[in-house]
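# What the coordinates show
Spelled out, the chains give:
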Amino acid sequence: MNEIKAYRILLFYKYVSIVDPGVFARDHLKLCKELGLKGRILVAKEGINGTVSGTVENTDQYMEHMRQSPLFSDMDFKVDASEGHAFAKLFVRPRDELVSFRLAKDIDPNERTGTHLTPQQFYQQMQKDDCVILDGRNEYEYEIGHFRNAIRPKVESFRDFPQWIRENLSQYKDKPILTY
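Residues numbered from 1 in each chain as written. Predicted model: local features only at pLDDT ≥ 70, side-chain atom pairs only at ≥ 80, totals over all residues. Heavy atoms only, no water.

## Describing the packing of aromatic side chains
Following the criterion strictly, the structure yields eight aromatic pairs and no others. A ring pair is formed by Tyr13 and Tyr15, whose centres lie 5.9 Å apart and whose planes are at 75 degrees; its orientation type is edge-to-face. In this structure Tyr15 comes out as partly exposed when scored by relative accessible area, which is 33%. Arranged with centres 5.9 Å apart and planes meeting at 55 degrees, the rings of Phe24 and Phe72 form a pair that is tilted. Taken together, the positions of Phe24 in helix α1 (residues 21–35) and Phe72 in the loop between α2 (56–68) and β4 (77–82) put the pair 48 residues apart, joining distant regions of the chain. As far as the burial class goes, Phe24 and Phe72 line up, both buried. (Phe/Tyr/Trp six-rings, centres within 6.5 Å; stacked < 30°, edge-to-face > 60°. Buried < 20%, exposed > 50% of the residue type's maximum accessible area, 1.4 Å probe, protein only. Helix = DSSP H or I, 4+ residues; strand = E, 2+ residues; numbered from the N terminus.)

## As for the packing of α1 against α2
Following both chains from N to C, one finds α1 and α2 inclined at 150 degrees, their axes separated by 9 Å at the closest point. The angle between α1 and α2 falls in the class roughly antiparallel. The interaxial crossing formed by α1 with α2 has right-handed handedness. Between α1 and α2, the contacting residues are His28, Leu31, Cys32 and Leu35 on the first element and Asn58, Gln61, Tyr62, His65 and Met66 on the second. Residues of the contact of α1 with α2, tallied by class, amount to five nonpolar, four polar and no charged. (Axes fitted to C-alpha atoms, helices over the stretch in contact; angles between N-to-C directions. Parallel < 35°, antiparallel > 145°, perpendicular 65-115°, else oblique. Left-handed = near helix turned anticlockwise from the far one by under 90°. Contact = heavy atoms within 4.5 Å. Nonpolar A, V, L, I, M, F, W, Y, C, P; charged D, E, K, R; others polar.)

## Quick word on the pairing of strand β2 (residues 38–44)
Counting buried positions along β2 yields five of seven residues, so the element is predominantly enclosed. Looking at chain direction, β2 and strand β3 (residues 47–55) are connected through seven bridges and run antiparallel. From the neighbouring strand, Ala44 faces β3, where its bridge partner is Gly47. The loop that links β2 with its antiparallel partner β3 comprises two residues. Sheet topology places β2 next to strand β5 (residues 90–94); five bridges connect them, and they run parallel. Bridge pairing in β5 links Leu42 to Arg93. (Pairing = 2+ DSSP bridges.)

Here you go:
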């Protein structure tokens, strides 16, 4: 018999313009505390990234609250059942960058981005002989599973990714590159 878990873990992110990350983070911390959530949420001018745990009822309330905002109405949540809270504390913090790339020039992912593909479109592109697939995940995630022939950059931290690209992808500059 499958037992229903009383808790869930939510993973989410969205690139969207947030005018004042400090104020947003303060107000969001209050909301999360009221809902009894625990975890880590980062807020920057370019968006939000978080992983939180809470009861099924409270995580439902959180997702509903977020989807009521025009900024997050279409945000995807990855949801996993859990035996209890996955985190000991709650942190909601403003950051200068959501993902630290240490670039010389600031790039807003809400203004300059690649083309987002549906799973079906991604699969169709993968079938092309000249297609290059770049796996941007960490070593652990790559080892669990990856697309055949996917290139795995050997970087210690995601912020090292741009340098790795500059040093290793010039040979593919005229080919379509899929990233995940």
